[in-house]
Amino acid sequence: MELPLVVGVDGSEPSLRAVDWAADEAALRGVPLRLVHASLWERYEGAALSAGLGRSSEQVLADNIVEAAAKRAHRREADVKISTEVLPEEPVTALLREGHTAFALVLGSRGRGGIAEMLLGSVSLAVAARATCPVIVLRGSHDNQAKSEVRGRVVLGIGEEPENSAAVRFAVQEAAERRVPLEAVRAWRCPGHQTTDYPLMAGEPARLHEERAVATMDAALRDAPDGVELHRRTVEGLARKVLLDASADADLLVVGALRRHEYFGLQLGRVAHAVLHHSACPVAVVPQRA
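Residues numbered from 1 in each chain as written. Predicted model: local features only at pLDDT ≥ 70, side-chain atom pairs only at ≥ 80, totals over all residues. Heavy atoms only, no water.

Caption draft 1: Structural view of the overall build of the protein. Helices and strands together make up the secondary structure of the protein, namely 10 helices and 10 strands. A total of 290 residues make up the protein; the buried ones form 48% of that total. For the protein, long-range pairs separated by at least 24 residues make up 79% of all intrachain contacts whose partners lie at least 6 apart in sequence. Roughly 14600 Å² of accessible area belongs to the protein as shown, and the carbon and sulfur atoms make up 52% of that amount. (Helix = DSSP H or I, 4+ residues; strand = E, 2+ residues; numbered from the N terminus. Buried < 20%, exposed > 50% of the residue type's maximum accessible area, 1.4 Å probe, protein only. Contact = heavy atoms within 4.5 Å. Areas by Shrake-Rupley, 256 points an atom, 1.4 Å probe, with all protein chains shown as cover.)

Structure below.
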């Protein structure tokens, strides 16, 4: 059974963009699309009230939200198999559970107006930090239109991943499905205490750190298939800044996030946190076990 691509919908413009993007992605991959709306309306209005009066106004609204999202997805990709569900529970909990049986979760980026729209909503951040499947957050456009596959490049941030990591596999698969190049980027820095005022010695620490970055990238990409056009790039600088710069002309930015069994809180590193808030393109956060 093929795992579906699951989209969290709430009727907002960012979630409608997520529906558009996910419909295209589901068609590209040939997988089902599942649209989910989660709300605590039943807790606040009460089961007795809704039973006595038929469907409550909140339940009607929830049903309308998923119905409108399904119609939008069908208009965009008529051949994609679509299912919907309204879940009377807290959104983060519902989406995390959906992620156990999903290929990936797709979410819009919803702020609270003004400058906050440039940042990530709390639901998207919490899900990206705890999900067991890849989470794709739509960044880079703040209208109601998905702008997918316009630049023809997937960017992969290479961290301290082991060989053949989940993030690498996901990025390779995305590039292969889209038939676009994959650019793997590894940032490196020479710590300040290793620099010197002597010109003849100043380049040696930097050279060693750059060589380590190249070795790390080579190890991570060792099992990448030959069928994907692969570009490797090491860049001196802060990883979050390097990847944010790369996102300016990318279709998708892929980063890994470690999941530690003994830790149950939010599990996002500084780099993943930064790109989720400020990327100029959609971001895929791929969980990896420590």
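Caption draft 2: Quick look at unusual backbone geometry. Positive phi outside glycine occurs at Arg 179, with the angle close to 60 degrees. Positionally, Arg 179 belongs in the loop between helix H7 (166-178) and strand E7 (182-188). What makes Arg 179 exposed here is its relative accessible area of 79%.

Caption draft 3: Expanded view of the environment of Val 180. Inspection of the secondary structure assignment puts Val 180 in the loop between H7 and E7. As a C-alpha pair, Val 180 and Arg 153 span 27 residues in sequence and 5.5 Å in three-dimensional space.

Caption draft 4: The arrangement of the pattern of salt bridges in detail. Counted according to the given criterion, the structure contains 17 salt bridges. A salt bridge links Arg 97 to Glu 89; the nearest nitrogen and oxygen atoms lie 2.6 Å apart. The closest approach of N and O atoms between Arg 233 and Glu 183, which form a salt bridge, is 2.5 Å. With Arg 233 in strand E8 (residues 230-236) and Glu 183 in strand E7, this pair connects stretches of sequence that are 50 residues apart. For Glu 183, a relative accessible area of 10% gives the class buried. Taken together, the shared-partner salt bridges in this structure form one network comprising Asp 20, Asp 24, Arg 72 and Arg 76. (Salt bridge = Lys/Arg side-chain N within 4 Å of Asp/Glu carboxyl O.)

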